[in-house]
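Structure assessment
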Amino acid sequence: MFSCDVVVIGGGAAGLMSAMVAGQRGRRVVLIEHAKRVGKKILMSGGGRCNFTNLYAGPDNYLSSNPHFCKSALARYTPADFIALVERHRIAYHEKELGQLFCDESSKDIVRMLLSECETAGVNILTECAVRSVESLEGDGFVIDTARGRFQTESLVIASGGLSIPKMGATGFGYALARQFGLSVVDTRAGLVPLTLSGTPLEDWEGLPGIAIDAAATANGTDFRGGLLWTHRGFSGPSILQISSYWKSGDTLHLNLLPELDAADDLLSARRDQPRLRLRQWLDARLPGRLAQRLCARFFEDRPLAQLRDAALREIGQQLNAWPIVVSGTEGYRTAEVTLGGVDTRELSSSTMESRRVPGLYFVGEVVDVTGWLGGYNFQWAWASAQAAGAAV
Ligand code: FDA
């Protein structure tokens, strides 16, 4: 039996960060990762350049059954703290838009940085190490039985992530472990994920993949502006990924295809100024040609504007600014960037991430019921929650 102070299960963003912070405090840390290498999601994130934080990250950018839970950790480890670490390692970065910070070169820089910090802090990283069981020693720590031996530890940090992208090593391990110890888990579902259509809505919109416009998507009283992309099965793009975290089965999605414009007003004035202009021409000037063609083929009659009454123009305008879409589902965990839900925050201390019921047991990162928007917020939660636990274990 190998004895240590802290075992971290999961070598992603949150696991590496909590191991590093605990190691820096002189704790003897073992990090267990079942995949061949650590930090796989970091490597694939941000199109290979890792959108590692967001300058404006704050509690309002997160979904959780308890929106207050994330406040303490986010306030104590801010984007500026992570940026300082990145700068200490001389990693060049830039702001793409809306406070999103990306590496200039590669996501590999972030993994290298975390590994180098872990090495300096004396963290023992074991990859390709499957966990067979975890037992509590009833107030005296835990025993973790793995493919590479048994470990006895005072503190156990679960950083095994969510269910998104099973191909990358995602498992439900953290949720199962929480339940094993009697902790409640908020139902999980895919977030930041493309939405799918079926039946008539799919027929209405299929055959347009690759078309992208600036749009606004609304569901459940929340709206996001950004790119909207047609896919083979429905919609994707930043505005859709963002709204997917708020959309629930049965909700109608509304798309504003012309967010810069009051389309009804614009149509009425176009009719006054150019009565012979056809609706298709008006659409062509404002939307991609193939989309304008589809709108006229399937939804509107392509007539000179002079032949359309006020009520008809208003109806067309209203539809373009708030197009109701019956969504059938999402692409699921296969392509989702994150998992909503997770270990119930009522079970955890917001300042340390420690379980209230099981002293010594901590949950950090995506496995917890805190999920960020698209744009670097999820990594910021991983860093901040991991720092909170790493400083406490
Ligand atoms: P994460 O999933 O990163 O790590 C969990 C680790 O635990 C994995 O290494 C896994 O193999 C391991 N593990 C699982 N079960 C185990 C077991 N039983 N035993 C041992 N190990 C186990 N966010 C952001 O802020 N900016 C971005 O640019 C992106 N981009 C992005 C792209 C794509 C394609 C995806 C899928 C996701 C993103 N994200 C993102 C989200 C971000 O990647 C995510 O929120 C964090 O990686 C979560 O970090 P965690 O460490 O909690 O889990």
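Predicted, not measured: the structure shown is a model, and the values here were computed from it.

This part covers the overall build of the chain. Check the secondary structure of the chain and you find 13 helices and 21 strands. Out of the 393 residues in the chain, the part that is buried amounts to 55%. Looking at the chain alone, contacts between residues at least 24 apart form 72% of all its contacts between residues at least 6 apart. Considering the chain, the positive charge centre built from 40 side chains and the negative charge centre built from 42 side chains are found 3 Å apart.

Below, the discussion takes up the site of the ligand. Around the ligand, 29 residues are found, and the nearest of them are Ala 14, Glu 33, Thr 171, Glu 366 and Phe 379. In this structure, Gly 376 approaches the ligand through a main-chain N or O atom, which is 3.5 Å from an oxygen atom. For the shell around the ligand, the elements supplying multiple residues, two or more each, are helix 1 (13-24), helix 2 (40-44) and helix 13 (377-390). Counting residues per element, the shell around the ligand draws most heavily on helix 13, at 3 residues. Of the residues that constitute the shell around the ligand, the class distribution is 11 nonpolar, 14 polar and 4 charged.

As a further point, take the UniProt feature "domain: RsdA/BaiN/AoA(So)-like Rossmann fold-like" (unreviewed entry) in the chain. Per the UniProt record, the feature "domain: RsdA/BaiN/AoA(So)-like Rossmann fold-like" (unreviewed entry) sits at residues 5-391. Between the first and last C-alpha atoms of residues 5-391 the distance is 13 Å; the span itself is 31% helix and 25% strand.

On to the UniProt feature "domain: RsdA/BaiN/AoA(So)-like insert" (unreviewed entry) in the chain, then. UniProt's entry tags residues 189-338 with the feature "domain: RsdA/BaiN/AoA(So)-like insert" (unreviewed entry), counted in the numbering of this structure. Secondary structure within residues 189-338 divides into 35% helix and 25% strand; the distance between the first and last C-alpha atoms comes to 9 Å.

Right, let's get into the packing of helix 9 (residues 263-273) against helix 12 (residues 310-321). Contact geometry for helix 9 and helix 12: axes closest at 7 Å, N-to-C directions at 140°. Relative to helix 12, the element helix 9 is oriented oblique. Seen along the crossing, helix 9 lies across helix 12 with a hand that is right-handed. Mapping the contact onto sequence places Ala 263, Ala 264, Leu 267, Leu 268 and Arg 271 in helix 9 and Asp 310, Leu 313, Arg 314, Ile 316, Gly 317, Leu 320 and Asn 321 in helix 12.

In this section: the environment of Leu 229. Note that Leu 229 resides in strand 14 (residues 222-230). Measuring from C-alpha to C-alpha, the distance between Leu 229 and Glu 119 comes to 42 Å, with 110 residues separating the pair along the chain. Residues within four places of Leu 229 in sequence aside, it is in contact with Gly 210, Ile 211, Ala 212, Gly 234, Phe 235, Ser 236 and Gly 237.

Quoted interface sizes are often the accessible area lost when the parts come together. Domain boundaries in the chain define domain 1 (2-190 + 338-390) and domain 2 (195-330). Look at where the C-alpha atoms of domain 1 and domain 2 centre, and you get two points 40 Å apart. Interface area, domain 1 with domain 2, both sides summed: about 700 Å², of which 54% is carbon and sulfur. On the surface where domain 1 and domain 2 come into contact, there are 4 residue pairs in polar contact (both at pLDDT 80 or more). Class assignment for the residues of the side of domain 1 that touches domain 2 results in 5 nonpolar, no polar and 1 charged.

Taken in spatial order, the 3 strands of this open sheet run 3-6-5, and their pairing is antiparallel. Unpaired on one side and paired on the other, strand 3 (51-54) and strand 5 (93-95) mark the two borders of the sheet. Taking each pair of neighbouring strands and ignoring which way they run, the sheet shows an average axis angle of 25°. This element, helix 4 (residues 79-88), spans strand 3, strand 5 and strand 6 (100-103) of the sheet and lies at about 140° to strand 3.

Each strand in a sheet pairs with its neighbour through backbone hydrogen bonds, running either in the same direction (parallel) or in the opposite one (antiparallel). Strand order in this open sheet of 7 strands is 17-16-13-14-15-12-18, and the pairing throughout is antiparallel. What marks the edges here is a single partner per strand, and that holds for strand 17 (323-326) and strand 18 (329-330). Judged from the 4 bridges that link them, strand 16 (residues 252-256) and strand 17 form a sheet pairing that is antiparallel. Counted as the bridge partner of Leu 255 is Trp 323 from strand 17.

Rules of the game
- Residues numbered from 1 in each chain as written.
- Predicted model: local features only at pLDDT ≥ 70, side-chain atom pairs only at ≥ 80, totals over all residues.
- Heavy atoms only, no water.
- Helix = DSSP H or I, 4+ residues; strand = E, 2+ residues; numbered from the N terminus.
- Buried < 20%, exposed > 50% of the residue type's maximum accessible area, 1.4 Å probe, protein only.
- Contact = heavy atoms within 4.5 Å.
- Lys, Arg positive; Asp, Glu negative; His and termini not counted.
- Charge placed at Lys NZ, Arg CZ, Asp CG, Glu CD.
- Near = heavy atom within 4 Å.
- Polar contact = N/O pair within 3.5 Å; in protein donor to acceptor, adjacent residues only side chain to side chain.
- Nonpolar A, V, L, I, M, F, W, Y, C, P; charged D, E, K, R; others polar.
- UniProt positions renumbered as here; feature names shortened; annotations may be inferred.
- Axes fitted to C-alpha atoms, helices over the stretch in contact; angles between N-to-C directions.
- Parallel < 35°, antiparallel > 145°, perpendicular 65-115°, else oblique.
- Left-handed = near helix turned anticlockwise from the far one by under 90°.
- Domains from an automatic or database assignment.
- Buried area = accessible area lost by both parts, 1.4 Å probe.
- Pairing = 2+ DSSP bridges.

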